[in-house]
Amino acid sequence: MSRLRSIAPFMGALMLTGCAGEEATVYDVPPPPLTRMANIVDQLHGIAVPDPYRWLETQDAPETRAWIDAQNEYTDSVLDTLPGRTGLRELAAAVLERDAIGLPSERAGRYFYSKRRSDQELAVIYVRDGIDGTDRVLIDPHPMSPDHTTSVQLGDLSDDGSLVVYSVREGGVDEVTIRVRNVESGEDLPDVLPPARYSDVHLAPDAGGLYYSRFGDVTPRVLYHAFGTPLADDVMLFGDGYEQHHIPVTVLSDDGRWLVVHIIEGSSGPTEIHVKDLEHDTPFVTAIADGVSESWAEFAGDQLVITTNLDAPNKRVVLADPAAPTANAWHEVVSVRDDVVVQSASGLGGRLAVSYLQDVQPRYAIHDIDGTHVHDIAFDTIGAVGGGSGRWTSHEAFFTFETLHVPRTIYRYDVETGERQVWVEPKAPVDAAHYQVTQHWFASKDGTRVPMFVTHRPDVTLDGSNPVLLTGYGGFNISLTPVFSELATVWLESGGVVAVANLRGGGEFGESWHQAGMLENKQNVFDDFIAAAEYLIGEGYTSSKHLAIRGGSNGGLLVGTVSNQRPDLFGAVVCTYPLLDMVRYHQFLVASFWVPEYGSSDDPDQFKYIYAYSPYHNVINNGEYPATLYLSGDGDTRVAPLHARKMAALMQEKNGSDNPILLRYHTSAGHSGGQPVSQQIDEMVDTVSFLLWQVGDAAGS
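Here is what the cut-offs are and how they apply
- Within any chain, residue numbers begin from 1 and follow the written order of that chain's sequence.
- Residue-level local features of this predicted model are given only where pLDDT is at least 70; pairs of side-chain atoms are given and counted only at 80 or more, and the full residue set underlies all totals for whole chains, interfaces and linings.
- Remark: hydrogens and water are excluded; side-chain values derive from all non-hydrogen atoms of the structure.
- Runs of H or I in DSSP of at least four residues are treated as helices and runs of E of at least two as strands, each being numbered from the N terminus.
- The size measure is the radius of gyration over C-alpha atoms, and the globule rule it meets is 2.2 Å times the number of residues to the 0.38 power.
- Throughout this description, buried means an accessible area under 20% of the type-specific maximum (1.4 Å probe, protein chains only), exposed means over 50%, and partly exposed covers the range between.
- Contact definition: two residues touch when any of their heavy atoms are within 4.5 Å.
- Accessibility throughout is a Shrake-Rupley quantity obtained with a 1.4 Å probe, and a residue counts as covered only by protein chains that appear here.
- None of His or the chain ends enter the tally, which takes Lys and Arg as positive and Asp and Glu as negative.
- For this purpose, a charge sits on NZ of Lys, CZ of Arg, CG of Asp or CD of Glu.
- For two strands to be treated as a pair, DSSP must find at least two bridges joining them.
- Only the contacting stretch of a helix is used when fitting its axis, a line to C-alpha atoms as for every element, and angles between N-to-C directions run 0 to 180 degrees.
- An angle below 35 degrees is read as roughly parallel, one above 145 as roughly antiparallel, one from 65 to 115 as roughly perpendicular, and any other as oblique.
- Take the far helix as your reference; a near helix turned counterclockwise from it by less than a right angle gives a left-handed crossing, and one turned clockwise gives a right-handed crossing.
- Side-chain classes follow a simple rule in which Ala, Val, Leu, Ile, Met, Phe, Trp, Tyr, Cys and Pro form the nonpolar group, Asp, Glu, Lys and Arg form the charged group, and the remainder, Gly included, forms the polar group.
- By definition, a salt bridge exists where a carboxyl oxygen of Asp or Glu is found within 4 Å of a side-chain nitrogen of Lys or Arg.
- Working definition of a nonpolar core: buried Ala, Val, Leu, Ile, Met, Phe, Trp, Tyr and Cys residues. They are joined through side-chain atoms within 4.5 Å.
- Pairing of aromatic side chains here covers Phe, Tyr and the six-membered ring of Trp, requires ring centres within 6.5 Å, and sorts the geometry by plane angle: under 30 degrees stacked, over 60 edge-to-face, intermediate tilted.
- Definition used: whenever NZ (Lys) or CZ (Arg) falls within 6 Å of the ring centre and also within 35 degrees of the ring normal, the charge is taken to sit over that ring.

**Describing the overall build of the protein chain**
Link 1 in the chain: Per the secondary structure count, the protein chain includes 10 helices and 42 strands.
Link 2 in the chain: The globule rule puts the C-alpha radius of gyration for 701 residues at 27 Å, and the 25 Å found for the protein chain is close to it.
Link 3 in the chain: When its C-alpha atoms are laid out on the principal axes, the protein chain stretches across 75 × 55 × 55 Å.
Link 4 in the chain: Counting every position in the protein chain, which comprises 701 residues, the buried fraction comes to 59%.
Link 5 in the chain: Taking as baseline every contact in the protein chain between residues at least 6 positions apart, the subset at least 24 positions apart corresponds to 57%.
Link 6 in the chain: In the structure as shown, the protein chain presents an accessible area of about 26,300 Å², 48% of it carried by carbon and sulfur atoms.
Link 7 in the chain: Each charge class in the protein chain was averaged separately, 48 positive and 95 negative side chains, and the resulting centres sit 3 Å apart.

**Side note on the sheet that holds strand β34 (residues 420–424)**
Link 1 in the chain: One open sheet accounts for four strands, arranged β31-β32-β33-β34; its pairing is antiparallel. Only two strands of the sheet have a single partner each, and these edge strands are β31 (384–390) and β34. Recorded for the sheet is a direction-independent mean angle of 30 degrees between the axes of neighbouring strands.
Link 2 in the chain: Two strands pair when backbone bridges link them, and β31 and strand β32 (residues 396–403) are joined in this way by six bridges, in the antiparallel orientation. Counterpart to Ser389 in the pairing with β32 is Phe398.

**Observations regarding the packing of helix α2 (residues 85–96) against helix α10 (residues 677–695)**
Link 1 in the chain: One can describe the packing of α2 onto α10 by two numbers: an axis separation of 9 Å at closest approach and a directional angle of 130 degrees. If you check the angle between α2 and α10, you find them oblique. Relative to α10, the crossing made by α2 is right-handed. Where α2 approaches α10, its residues Arg85, Leu88, Arg89, Ala92, Ala93 and Leu96 are matched on the opposing element by Val677, Gln680, Ile681, Asp682, Met684, Val685, Asp686, Val688, Ser689 and Leu692.
Link 2 in the chain: Tallied by class, the residues present in the contact of α2 with α10 amount to 10 nonpolar, two polar and four charged.

**As for the environment of His280**
Link 1 in the chain: Residue placement: His280 occurs in the loop between β21 (271–277) and β22 (285–288).
Link 2 in the chain: In sequence terms His280 and Trp258 are 22 residues apart; their C-alpha atoms lie 9.8 Å from each other.

**Notes on the sheet that holds strand β17 (residues 221–226)**
Link 1 in the chain: Spatially, seven strands are ordered β12-β13-β14-β15-β16-β17-β18 in an open sheet, and the strand pairing comes out antiparallel. A single partner strand is all that each edge strand has here, and the edge strands are β12 (150–157) and β18 (235–238). Neighbouring strand axes in the sheet, compared pairwise and without regard to direction, differ in orientation by 40 degrees on average.
Link 2 in the chain: Relative to β17, strand β16 (residues 209–215) runs antiparallel, the two being bridged by six bridges. Paired with Arg214 across the two strands is Arg221, which belongs to β17.

**Regarding the pattern of salt bridges**
Link 1 in the chain: Counted according to the given criterion, the structure contains 37 salt bridges.
Link 2 in the chain: The residue Asp528 makes a salt bridge to Arg504 at a minimum N-O spacing of 2.8 Å. Of this pair, Asp528 sits in helix α5 (residues 523–538) while Arg504 sits in the loop between β38 (497–501) and α4 (511–515), and the two are 24 residues apart along the sequence. Comparing Asp528 with Arg504, the two get one shared label, buried.
Link 3 in the chain: The partner of Asp686 in a salt bridge is Arg664, and the shortest N-O contact between them spans 2.9 Å. In this pair, Asp686 sits in helix α10 while Arg664 sits in strand β42 (residues 661–666), placing the two residues 22 residues apart along the sequence.
Link 4 in the chain: Overall, Asp686 belongs to the buried group, its relative accessible area being 7%.
Link 5 in the chain: Residue class for Arg664 comes out buried when judged on its relative accessible area of 10%.
Link 6 in the chain: The network of salt bridges with shared partners includes Asp42, Asp51, Arg54, Glu57, Asp581, Arg584 and Lys646.

**Topic: the nonpolar core**
Link 1 in the chain: Counting residues in hydrophobic clusters, the biggest one holds 70 residues, and the most contacted among them are Met452, Leu470, Trp594, Tyr598 and Tyr630.
Link 2 in the chain: Those residues within four positions of Trp594 in sequence are excluded, and the remaining contacts are Ser267, Phe476, Leu579, Tyr585, Gly599, Arg638 and Val639.
Link 3 in the chain: Listed in part, the 40 residues of the second largest apolar core include Leu79, Phe484, Ala548 and Leu662.

**A look at the packing of aromatic side chains**
Centre-to-centre distance and the angle between the planes together describe a pair of aromatic rings.
Link 1 in the chain: Applying the stated criterion across every chain yields a total of 21 aromatic pairs.
Link 2 in the chain: Taking the centre distance of 5.4 Å and the plane angle of 80 degrees together, the rings of Phe399 and Tyr413 count as edge-to-face. Linking Phe399 in strand β32 with Tyr413 in strand β33 (residues 406–414), this pair joins segments that are 14 residues apart in sequence. As far as the burial class goes, Phe399 and Tyr413 line up, both buried.
Link 3 in the chain: Taken together through their ring pairs, the aromatic side chains of Tyr111, Tyr113, Tyr126, Phe398 and Trp423 make up a single cluster.
Link 4 in the chain: Just above the ring of Trp55 sits the side chain of Arg36; from NZ or CZ to the centre is 4.8 Å.

Structure (structure tokens):
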């Protein structure tokens, strides 16, 4: 085969539709740009592993940049001509251009929160004096960049409400700059932490400096910076003996006496807890570091409240004295239950607020400090309770409730009485009564029962003709709950059905569910997703030609893998910011964090199962693959965008079907968000118009 292979033009015509039900038109898709192939073959554990597009790993090379430009121009030439995009843009704008407000945090009678008005591109940080006071702009990111790709996020607050820590993110990268603003003057302090990965930044109680943890580009470390001193003089408090794949996360007690350092083994591995008495400057005391369990500590007054899966796969809640925090002295206050999975516990209003999952729906329960159950925070509708913003010394707290198609409402809650009132109720972009959310259970390949949320109009006809968008994640102990999704809302309003599958590898049913979808068990995740698709088809919701799938990050790996393993099952794929070359993934950016989850091809035993599913290594020549749109960009400093570049090139070369393979590549967006609303609308229009073109009503014509 020639190293510079010409892609044959697609034969025949493809059917288009802008929105479900719109009259179809005929459109010929041009061939994709040519991509140079290189004869690169690695020998790994006795196996020849070809990598013809390794040159695309070099992101800033002139040849790569020219290739990116050509791919974007090609994608524009295909997507910009689709009918119905004007209507979709109006719909996407109606969903995205709405007021959005974050949970407030109170200090000394002042309330701090982020808010994006419907006419703004980015969230702005506000402050108001008193719960019913007038909003005042504190930090506005709009002037920080001409294209509005610089965003800000609210961080820690001083006890007297005079100082605010905030982060500045440019172009969606993970690395942020840390600044501190004086609330009265509106001016920043001269002290600035440079762009890096910071897990937590805390103001010292005397407002004399910052405690911060840094990781990623350095081995994990926790430091103290005294205001007015050079950064080079910052004191390292913790970090000796750890490796770059460890992640530090810190918690500071309200009185500033105790500092807790969590050390996570990669992104979802075992967690250590270490506690230091800052007042007496004593050495750190290890509460737990067994290399197996996951535990998380917060403060409830002068006690530690710890959520742990030690001797409790679904987790339990214990209390500990920070002066003697070792596990053998823990006192259990909320026991493990088979029917719920505890998510977190924190001290609010002199009580414990315990977050848990019950049948994959997030709920909160309020307990006295001794564990006695007081009351629940729950709603009759299928949806998600979240938030839990508040302080130990105040009965006031804030919680949220949202569903897949209704944005979150923020409730002001009295922890002592259980009374709640709406603090902010957004204007819903759709009429909630038009849709219903139901939960279904299906059997995976090995018989395991797996749940899935399905959202649709109440009068949906189960005749196999509905455009269905199926998504999932299945990894890193992350649970997919029925939270609001702009994409789901636009899809529903376009006449579709939305399905969210709760795959193994997530945290929906505790650590055993997580472990059943990691390392050598990763194929279970793909089997679960395939079974979800088969269930939707078997129940009459849709058919293969009307079934679309979408996933991002680890979810991008998911859809990239299943579209290889069962290309006949799907009509279209959207794969965003994905992992796809699993043989080399761990060599780039912060991917060493994920080796405990996936394994590494450096290990001969782990290589076998990784290579067996790695999407980039399991594309066959002339395969009949579904239409696929990859999305990534330069600003992704978490999952290297080389995955999407290499996979798009390979799929364009190997694809034997008439279905298009497209890449939308952003030059100023990344994994961590921060996109202005206008960019979000553009991406929404690209995504939904592409999917409706492929699986909408006209797909069966």
